[in-house]
Amino acid sequence: MSCSLTIKDLSCERNGEMLFRNLSVRLGHKDKVAVMGANGAGKTTLLKTIVGLCPVASGTIEVFHRPVTCEKDFKEMRKHIGFLFQDSDDQFIAPSVIEEVAFGLLNSGMSVKEAVPVAEKMLDTLNIAHLRDRITLHLSGGEKKLTALASVLVMEPDILLLDEPSTALDEDAENHLASILASLDKSMLIVSHNPDFVRKTGAKIMYLSKEGLKD
């Protein structure tokens, strides 16, 4: 099986305290893995470390069998990874929903004429087309989460790192999102406190502790 992401013997610290040590996991093509664990276990830190937003204390990270060791490597690797932040406000760049979802497409070289229909199609897919012209900072928590996710999915990344994707969603929106994630042929690491949501995505559940990641 082709391996999208390989983490071996990864250890991470926060404020001088070891969060976890010797964490190893292999994420094959189309594999979905959910990371659960206690508050403060380092779940968000793990995702941020994978994309270079938090330092590695020790261990290795490979994306498509290529070691990621410096900022140049992380910058190249980020083209293939979609990261959904736990706090959607940390992710927003543009003022309106349609501008936010189209931003990455425009930044990649698409014209406005090309990017807007693609962004609108993604809004339709997530059932949030009615939010098209809303100001992102005026959205509800659930609306922000879905808008942020749309801005990630529209770029068609190979790997998804999703930090609490079901937070603030009502039951219908949560079920719809789980159905979408279950249908995507992408590798995923999903951080969640919601086991029911995780099961609907079809993800394998693993638990993070100081000793690493275990079934």
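Read on for an overview of the structure. (Residues numbered from 1 in each chain as written. Predicted model: local features only at pLDDT ≥ 70, side-chain atom pairs only at ≥ 80, totals over all residues. Heavy atoms only, no water.)

Since one α-helical turn is 3.6 residues long, residues separated by three or four positions face the same way. Here helix H6 (residues 171-183) is 13 residues long and its end C-alpha atoms lie 18 Å apart, about the 18 Å a rise of 1.5 Å per residue gives. Buried within H6 are the following residues: Ala-173, Glu-174, Leu-177, Ala-178, Ile-180 and Leu-181. Considered in projection along H6, the buried side chains sweep an arc of 160° and stay on one side of the axis. Away from the buried face of H6 by more than 90 degrees, exposed residues Glu-171, Asp-172 and Ser-183 are located. Considering only its buried residues, H6 is in contact with strand E3 (32-36), helix H4 (112-125), helix H5 (141-153), strand E7 (159-163), strand E8 (187-191) and helix H7 (195-201). (Helix = DSSP H or I, 4+ residues; strand = E, 2+ residues; numbered from the N terminus. Expected span 1.5 Å × (residues − 1). Buried < 20%, exposed > 50% of the residue type's maximum accessible area, 1.4 Å probe, protein only. Arc of directions from axis to C-beta. Contact = heavy atoms within 4.5 Å.)

A separate point is the nonpolar core. Counting 39 residues, the largest nonpolar core has Leu-126 and Leu-162 as its most contacted members. Every element with two or more residues in this core is listed here: E3, helix H3 (97-107), H4, H5, E7, H6, E8 and H7. Broken down by element, the residue count for this core peaks at 6 residues, all from H5. Leaving out residues up to four positions away in the same chain, Leu-162 has contacts with Leu-47, Leu-84, Leu-149, Leu-181, Met-188, Leu-189, Ile-190 and Val-191. Counting residues in hydrophobic clusters, the runner-up holds 30 residues, among them Val-33, Met-77, Ile-81 and Val-191. (Core = buried A, V, L, I, M, F, W, Y, C linked by side-chain atoms within 4.5 Å.)

Take it as geometry only, folks, not as evidence of what the structure does.
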